[in-house]
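# Residue-level structural notes
So the chains spell out like this:
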Amino acid sequence: MVLAGIFGAILFVLLLIGDWYQFTSLGPFSAQYGFGIARRHDRLDTLTRQALVRQFGTHDVIALPHGVARWFAAQEVISLRPSYQLFSMRFRTAWPLKGTITLRSTEAGVELHLTKRVPWSSGVLTLIWLGLVTIGTAAFLVMFGIDEGFGSASGWFLGLGVAGLGGLVLLFGLIMASMAYRLEDSRLMQVYRELQDVWRNPPQPSAGSSQVAPSE
């Protein structure tokens, strides 16, 4: 049993590492990897889809001040990812965000369809944890009531205490997830605006300049 538990823990950690690696990778398989949690639509007038794609250059990458954007021609999608550096204030939370952008031509210009994504492990574990807290608290109160635990004043105090503790744990988890989402969303939207600025005001080519190839 101990060996099975150790093997299960190692497998769990490896799955988490693999999930985050695929989420942060700039490879073709990872272009639309992640759990979509929000969508946003914008328009760029007077621009064409071909002009936007052309700006990705030979490496299909646009390096941005706070992130990177990569065009995947086979999937016709853009992967947008904020950058994180060691020993800096831009730390990662447990709910990092990246974006997937699809382009649609219109008579006036181009429509941008942004999907915000989190790693599958972050989304699934958060839902499981919140579900266990909610179901566990409710199950205790139901079983406590069936066993006539509410038949005395002390029983009522115990039941209310457990319900209050479960509510506080649930509220704390929701607050943490909400704050992390707002932080990561601000980072992603900063990179999203930087990409739009590059599209609206493309840099002028200069002698000896070249785009940097993506690092996997």
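Anyway, here's the lowdown on the structure attached to this text. (Residues numbered from 1 in each chain as written. Predicted model: local features only at pLDDT ≥ 70, side-chain atom pairs only at ≥ 80, totals over all residues. Heavy atoms only, no water.)

### Observations concerning the environment of Ile37
For clarity, the cut-off: Helix and strand definitions follow DSSP, with helices as H or I runs of at least four residues and strands as E runs of at least two, each counted in order from the N terminus. The buried label applies to any residue whose accessible area, calculated with a 1.4 Å probe on protein chains only, is under 20% of its type's maximum; exposed applies above 50%, and partly exposed to all values in between. What makes two residues a contact is simply this: any of their non-hydrogen atoms within 4.5 Å.
Within the element layout of this structure, Ile37 appears in strand 1 (residues 35-45). For Ile37, a relative accessible area of 38% translates into the label partly exposed. In this structure, the C-alpha to C-alpha distance between Ile37 and Val118, residues 81 residues apart in sequence, is 7.3 Å. Apart from the residues within four sequence positions on either side, Ile37 is in contact with Leu97, Lys116, Val118 and Tyr181.

### Examining helix 1 (residues 2-24)
Because the α-helix completes a turn every 3.6 residues, residues three or four places apart line up on one side. The condition that has to hold: Here the expected length of a helix is defined as 1.5 Å per residue gap, with one fewer gap than residues.
Between the first and last C-alpha of helix 1 there are 33 Å, a value that for 23 residues agrees with the 33 Å anticipated at 1.5 Å per step. For helix 1, every residue scored as buried is listed here: Asp19, Phe23 and Thr24. Against strand 4 (77-82), strand 5 (98-105), strand 6 (109-118) and helix 3 (120-146) lie the buried residues of helix 1.

### As for the packing of helix 3 against helix 4 (residues 153-200)
Put simply, the rule is: Every axis in this analysis is a line fitted to C-alpha atoms, fitted for helices over the stretch in contact. Angles between the N-to-C directions lie between 0 and 180 degrees. Angles are sorted into four bins: roughly parallel if under 35 degrees, roughly antiparallel if over 145, roughly perpendicular if 65 to 115, and oblique for all others. Residue classes follow a fixed rule: Ala, Val, Leu, Ile, Met, Phe, Trp, Tyr, Cys and Pro count as nonpolar, while Asp, Glu, Lys and Arg count as charged, and any other residue, Gly among them, counts as polar.
Orientation of helix 3 relative to helix 4, taken along the N-to-C sense of each, is 170 degrees, at an axis distance of 10 Å. As far as their axial angle goes, helix 4 and helix 3 are roughly antiparallel. Contacts between helix 3 and helix 4 involve Trp129, Leu130, Val133, Thr134, Thr137, Phe140, Leu141 and Phe144 on the former and, on the latter, Gly155, Leu158, Gly159, Val162, Ala163, Gly166, Val169, Leu170, Gly173 and Leu174. Partitioned by chemical class, the residues of the contact of helix 3 with helix 4 number 12 nonpolar, 6 polar and no charged.

### Some remarks on the packing of helix 1 against helix 3
Two measures define how a pair of helices packs: the angle their axes make with one another and the distance between the axes. Viewed as axis vectors pointing N to C, helix 1 and helix 3 meet at an angle of 130 degrees, and their least axial separation amounts to 8 Å. Comparing the axis directions of helix 1 and helix 3 gives the class oblique. In this structure, helix 1 uses Phe12, Leu16, Asp19 and Trp20 to contact helix 3, whose residues at the interface are Trp120, Ser121, Ser122 and Leu125. Of the residues that constitute the contact of helix 1 with helix 3, the class distribution is 5 nonpolar, 2 polar and 1 charged.

### Considerations on the pairing of strand 5
Where we set the bar: Paired strands, in this sense, are two strands between which DSSP finds at least two bridges.
The pairing of strand 4 with strand 5 spans 3 bridges and is antiparallel. Looking at strand 5, one finds that Ser79 is bridged to Thr100. Here 8 bridges tie strand 5 to strand 6, and the two strands are oriented antiparallel to one another. Paired with Ile101 across the two strands is Leu114, which belongs to strand 6.

### Here's the deal with the packing of aromatic side chains
Keep this limit in mind: Each Phe, Tyr or Trp ring (for Trp, its six-membered ring) is paired with any other whose centre lies within 6.5 Å, and the angle between the two planes then decides the class: stacked below 30 degrees, edge-to-face above 60, tilted in between.
One pass over the full model with this rule turns up 7 aromatic pairs. Measuring from centroid to centroid gives 6.5 Å for Phe56 and Trp71, while their planes differ by 35 degrees, and the two rings are tilted. In this pair, Phe56 sits in the loop between helix 2 (49-54) and strand 2 (61-64) while Trp71 sits in strand 3 (residues 67-72), placing the two residues 15 residues apart along the sequence. Judged by relative accessible area, Trp71 falls into the buried class, the value being 7%.

### Some details on unusual backbone geometry
Of note, Thr46 is a non-glycine position whose phi angle comes to about 65 degrees, a positive value. Among the structural elements, Thr46 can be located in the loop between strand 1 and helix 2. On the accessibility criterion, Thr46 (73% relative accessible area) is exposed.

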